[in-house]
Structures are given as C-alpha cells and as structure tokens.
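Chains, contacts and geometry: an overview
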Amino acid sequence: MASRDKRIDAYIAKSADFAKPILIHLRAVVHTAVPKVEETIKWGMPSYTHHGILCITASFKKHCALVLWPGKYIVGTDAAKTRTAMGHFGKITAVKDLPPKRELIGYLKEAAKLNEQGVKVRTTAKTKKTTIPTPADLAAGLKKSARTRTEWTAFSPSARREYVEWITEAKRPETRAERLKTTLSWVKEGKQHNWKYA
C-alpha cells in the first residue's frame, strides 16, 4: 500500500465531524482504485497524485468537495453542480451524496489512465472580473486603522473580492455587522478570508 501523508491525517482530524467520514471514505476509495497513488497537500487540501494530479478532496464549513483533476474528460461539466461548489459532484454533506463506490473507482481508474497517457487538463481562459467597489461600512472600518488599511491594500484583488462578497451577501443587518467585524479583525492580522483552509 502506498504511504500515507501525515498532513492529510491532520487535515481530516481538524475537519468538521460531518466531513471526517467523507474524507476517510474518499481516501480509501482512491487507494483502492489506484494502489500506487501518492498523497500530498496542494493548495492546502488533500491531494492524490499518479503521473500528475489525480484528484483533490476538500472540507469546508458545511460541505466537502471532490475534484477529479481530468474530470471534464470523465464526468463532463455539470454546470448546475459546478456553480454551487468546487469539484465535480456538488456539495457533499454525507457519503451518500457521492456516486457508489464502484462508480467512483471507475472514475479514478480512468483519471489514472489519462494521466499515464500524458493527457493535459486544459483550462478555459478566465474572463476578467470587474472590480467590486469597497462597501461604505467596510471603507469606514478600514479608515480607523492604518495597519488594517495597509494589509487590505497588500491583498490581491481576488482576496479583497472574497471579503467584499462575503460581507455583501449577508441577508440580515446583524449578520453583515458581524461579518464586517470579523473581516476587519482578520485583515488586521493579514489573514485572507479562507485562511483556515490555506
């Protein structure tokens, strides 16, 4: 059996209780499908490689994700699922949300075969996102602290966008106020919005 990466053990241990059985199940299925798979961490997430990236698993607050690296050649692109979550299988909240084990093994074996053949995953060119203006309440909060303002300015446009979207997506004023407070605290420490998963 291929060696296990202790960083993945740690990632699973730190994940939410609902996510642990999903991540453990996916890890076992990957090793069953591709016995020579190697484990690593890429982009802060458990990743499995065999002649290149095979798949990536991830745990978030309320769901998990499975990305088959050459997935678009295997399962296609289901726009409804990819709009709502990272990966090819939508938001996974329980093992039952995944395809049956035999089907997953088939996908992983096909992914391994494509990697062995040297098939490169082609990504479509990203369209340039328009700049999101800083909301007035966030701008006011940034003005109160030079350090926070400096950290905010040092963030990439995409990192700033994540915070702005998180704040503006709040439905209740109380939620927005709490998110604003959290944002200012994290930014002051130089933390990006998804710092827990980095």
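Okay, so let's go over this structure. Just so you know, these numbers come straight off a predicted model, no measurement behind them.

1. Notes on helix α7 (residues 157-168)
- With twelve residues, α7 extends 16 Å from end C-alpha to end C-alpha; this agrees with the ideal 16 Å at 1.5 Å per step.
- The set of residues buried in α7 consists of Ala159, Arg161, Tyr163, Val164, Trp166 and Ile167.

2. Re the packing of helix α2 (residues 19-33) against helix α4 (residues 101-116)
- Their axes nearest at 9 Å, the elements α2 and α4 cross at an angle of 55°. The angle between the axes of α2 and α4 places the two elements in the oblique class. Crossing angle aside, the handedness with which α2 passes α4 is right-handed. Here His25, Leu26, Val29, Val30, Thr32 and Ala33 of α2 come into contact with α4, specifically with Lys101, Leu104, Ile105, Leu108 and Lys109.
- Across the contact of α2 with α4, the residue classes break down as seven nonpolar, two polar and two charged.

3. Side note on the nonpolar core
- One finds Leu54, Leu66, Leu104 and Leu108 to be the most contacted residues of the largest nonpolar core, which totals 32 residues.
- Mapped onto this core, the elements with two or more residues apiece are α1 (6-14), α2, β2 (45-49), β3 (53-59), β4 (64-68) and α4.
- For this core, the element with the highest residue contribution is α2, accounting for seven residues.
- Formed by twelve residues, the second largest nonpolar core is a distinct cluster that contains Leu138, Trp152, Trp166 and Val187.

4. A few points about helix α5 (residues 136-143)
- Along α5, the residues that are buried comprise Leu138, Gly141 and Leu142. Along the axis of α5, the buried residues cluster in a sector spanning 100°; they form a single face. Within α5, the exposed residues directed more than 90 degrees away from the buried face are Ala136 and Lys143.
- Buried-residue contacts for α5 involve α6 (146-154), α7 and α8 (173-188).

5. With respect to the environment of lysine 144
- Counting through the fold element by element, lysine 144 comes out in the loop between α5 and α6.
- Classification of lysine 144 as exposed rests on a relative accessible area of 74%.
- Residues lysine 144 and leucine 184, 40 residues apart in the sequence, show an inter-C-alpha distance of 9.9 Å.

6. Some remarks on the pattern of salt bridges
- For the structure on display, the rule yields nine salt bridges.
- A salt bridge links aspartate 97 to lysine 96; its shortest N-O distance comes to 3.8 Å.
- The exposure class assigned to aspartate 97 is partly exposed, which follows from its relative accessible area of 28%.
- Residue lysine 96 is classed as exposed on the basis of its relative accessible area of 72%.
- Glutamate 165 is the salt-bridge partner of arginine 161, the closest N and O atoms lying 3.5 Å from each other. Of this pair, arginine 161 and glutamate 165 are both found in helix α7, four residues apart, which corresponds to roughly one turn of the helix.
- For glutamate 165, a relative accessible area of 30% puts it in the partly exposed group.
- Look at the salt bridges and you will find they share partners, linking Asp9, Arg27 and Glu39 into a network.

Parameters and conventions
Residues numbered from 1 in each chain as written. Predicted model: local features only at pLDDT ≥ 70, side-chain atom pairs only at ≥ 80, totals over all residues. Heavy atoms only, no water. Helix = DSSP H or I, 4+ residues; strand = E, 2+ residues; numbered from the N terminus. Expected span 1.5 Å × (residues − 1). Buried < 20%, exposed > 50% of the residue type's maximum accessible area, 1.4 Å probe, protein only. Axes fitted to C-alpha atoms, helices over the stretch in contact; angles between N-to-C directions. Parallel < 35°, antiparallel > 145°, perpendicular 65-115°, else oblique. Left-handed = near helix turned anticlockwise from the far one by under 90°. Contact = heavy atoms within 4.5 Å. Nonpolar A, V, L, I, M, F, W, Y, C, P; charged D, E, K, R; others polar. Core = buried A, V, L, I, M, F, W, Y, C linked by side-chain atoms within 4.5 Å. Arc of directions from axis to C-beta. Salt bridge = Lys/Arg side-chain N within 4 Å of Asp/Glu carboxyl O.

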